[in-house]
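# Descriptive analysis of the structure
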Amino acid sequence: MNKVKILLLLCNLIVGFIIYLNVSEDKNNPRDFALKLVDILDGLDEVKVSQGKDQHILIQKDKDDWSIQNPIEWSAESLVISNLKTRLAHSNPQLVITQEDLLKRGEVLADYGIDSNSTRIRIQGNGKRTTIVLGNETRDSQGMFIQIEEYESFRKAIWKASKDLMSLASTSPAFWGKTTFFNTPMYGIDQVSITINDKNQSSKKMTSLQKRNQSWYFTEPESKIADPKEINLVINELLSFRVAEFVLDENLTSMPEGEPDISVKIAGMGSNELLHIFENDVRKELICFHPKNNAFFKIKHEF
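Because the structure is predicted, anything quoted here is derived from the model rather than measured.

Let us now look at the pattern of salt bridges. Following the criterion strictly, the structure yields ten salt bridges and no others. Between Glu-149 and Arg-120 there is a salt bridge whose closest N-O contact spans 3.2 Å. Note that Glu-149 is positioned in strand S8 (residues 144–149) and Arg-120 in strand S6 (residues 119–125), a separation of 29 residues in sequence. In this structure, Lys-298 engages Glu-245 in a salt bridge whose closest nitrogen and oxygen atoms are separated by 3.8 Å.

Structure below.
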């Protein structure tokens, strides 16, 4: 009986040791990262892209809406986030060389284009986080070298992945953010007000319109019916402008001073939207200020 118990105990120890080895191997299996990546992307709720120590952009999800939190506060473009998820999901990371073998070769991370100034893409979801550091193209130009931080089993190892990741290496809010700044759709607009500040004559000229029973009427500078085709063209023109580039705090010294040259107010569907436009005579460009988001940006016309 004792021999049987001893035999069973030995069998249990052997089985336990085999399980331990399998678990240890799984933790050190490069394929585990692909599974972790899928899990993070499935519940993705935060993205941070950094370039060096000074440039970064932070994007977070609140319920179903994505928004930029830093360096400005602005709505993020959901299509760009979807593109990020697709490119990461198909990045196909493959282990190239471990840190141990890297040292044996006498190589350093910088030989693969990875250093403190490299672009870092940090993603978070389902309570997990990982950071992908972008390096140089592979020698056959078919992929690129990357490093995966926060992955202890292969810390400071070199991987290769799809070059498509390079298209995500941007800290520009204009790349990640929505380019529209008026959110009310054309059919929902029922009031428009445009104020022009004539600085030469120290006077302001206001033109205001209101839609009543599907017809447009001037309310300023005088009350009269307006041509609906012309008003629709003007509104369509206003809505066709897009954000070209955000002007961040460090560049605000070049902003014009004083009152805006033009102020545009749009109302409808229970909301009011205001935009101030400054003309920079030196640079021959228009810079807008969005009071609701406290954001400055340059605009472009989209035909």
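Next comes the rest of the account.
So, on to the sheet that holds strand S1 (residues 44–51). Taken in spatial order, the nine strands line up as S4-S3-S2-S1-S6-S7-S8-S9-S5 in an open sheet, and their pairing is antiparallel. The sheet is open, and its two borders are formed by strand S4 (74–75) and strand S5 (94–97), each paired with just one other strand. Running over the sheet, helix H3 (residues 78–89) touches S1, strand S2 (55–62), strand S3 (65–70), S6 and strand S7 (128–137) and is turned about 85° from S1.

A word on the packing of aromatic side chains. Applying the stated criterion across every chain, the model contains eight aromatic pairs. Through a chain of ring-to-ring contacts, three or more aromatic side chains come together here, namely Trp-74, Phe-181, Phe-182, Phe-246 and Phe-297. Above the face of the Tyr-217 ring, Arg-212 is positioned so that its terminal group lies 4.2 Å from the ring centre. Positioned above the aromatic ring of Phe-218, the side-chain terminus of Lys-224 is 5.8 Å from the ring centre.

Looking now at the nonpolar core. Counting 55 residues, the largest nonpolar core has Ile-59, Ile-123, Ile-146, Leu-165, Trp-176 and Phe-297 as its most contacted members. Apart from the residues lying within four places of it in its own chain, the contact partners of Trp-176 are Val-49, Ile-57, Ile-59, Ile-68, Ala-76, Glu-77, Val-80, Ile-81, Leu-84, Leu-168 and Ser-170. Ile-97, Tyr-112, Ile-114 and Phe-145 belong to the second largest nonpolar core, which has eight residues in total.

Turning to the pairing of S1, a few remarks are in order. Summarising the sheet, S1 and S6 pair through seven bridges and their orientation is antiparallel. The residue of S6 that forms the bridge with Ser-50 is Arg-120. Two strands pair when backbone bridges link them, and S1 and S2 are joined in this way by six bridges, in the antiparallel orientation. Within S2, the position partnered with Val-47 by the bridge is Ile-59.

One can find Ser-240 in the loop between helix H6 (228–239) and strand S14 (241–247). Side-chain polar atoms of Ser-240 contact the backbone oxygen of Glu-237, separated by 2.7 Å.

A few words now on the confidence of the model for the protein chain. When pLDDT is averaged across the protein chain, the result is 84; 83% of the residues are at 70 or more. Every residue in residues 17–28 is under pLDDT 50, and counting partners more than four places away or in other chains gives five contacts.

Between Asn-70 and the following residue, Pro-71, the backbone shows a cis peptide bond with an omega angle of 10°. When you line up the elements, Pro-71 lands in the loop between S3 and S4. Between Glu-220 and the following residue, Pro-221, the backbone shows a cis peptide bond with an omega angle of 0°. The phi angle at Asn-92 is positive, at roughly 50°, despite the residue not being glycine. Tracing the chain through its elements places Asn-92 in the loop between H3 and S5.

Among the structural elements, Lys-36 can be located in helix H2 (residues 31–42). Expressed as a C-alpha distance, the spacing of Lys-36 and Lys-128, which sit 92 residues apart in the sequence, is 8.2 Å. Residues in contact with Lys-36, not counting those within four places in the same chain, are Lys-128, Arg-129, Thr-130 and Glu-150.

Here the focus is H6. Residues spaced three or four apart along an α-helix face the same direction, because each turn holds 3.6 residues. Taking 1.5 Å per residue, twelve residues should reach 16 Å; H6 reaches 16 Å between its end C-alpha atoms and fits that length. Buried within H6 we find Ile-231, Ile-235, Leu-238 and Leu-239. Projection of H6 onto a plane perpendicular to its axis shows the buried side chains occupying an angular sector of 95°, all on one side. In H6, those exposed residues whose orientation departs by more than 90 degrees from the buried face are Lys-229, Glu-230 and Leu-233. Looking at the buried side of H6, the elements it contacts are strand S10 (191–198), strand S11 (203–212), strand S12 (215–220), S14 and strand S15 (262–268). The backbone nitrogen of Lys-229 has a side-chain oxygen 3.0 Å away, supplied by the residue at the start of H6, namely Asp-227.

Thresholds applied
- Residues numbered from 1 in each chain as written.
- Predicted model: local features only at pLDDT ≥ 70, side-chain atom pairs only at ≥ 80, totals over all residues.
- Heavy atoms only, no water.
- Salt bridge = Lys/Arg side-chain N within 4 Å of Asp/Glu carboxyl O.
- Helix = DSSP H or I, 4+ residues; strand = E, 2+ residues; numbered from the N terminus.
- Pairing = 2+ DSSP bridges.
- Contact = heavy atoms within 4.5 Å.
- Axes fitted to C-alpha atoms, helices over the stretch in contact; angles between N-to-C directions.
- Phe/Tyr/Trp six-rings, centres within 6.5 Å; stacked < 30°, edge-to-face > 60°.
- Lys NZ or Arg CZ within 6 Å of the ring centre and 35° of its normal.
- Core = buried A, V, L, I, M, F, W, Y, C linked by side-chain atoms within 4.5 Å.
- Buried < 20%, exposed > 50% of the residue type's maximum accessible area, 1.4 Å probe, protein only.
- Polar contact = N/O pair within 3.5 Å; in protein donor to acceptor, adjacent residues only side chain to side chain.
- pLDDT = per-residue confidence, 0-100.
- Expected span 1.5 Å × (residues − 1).
- Arc of directions from axis to C-beta.

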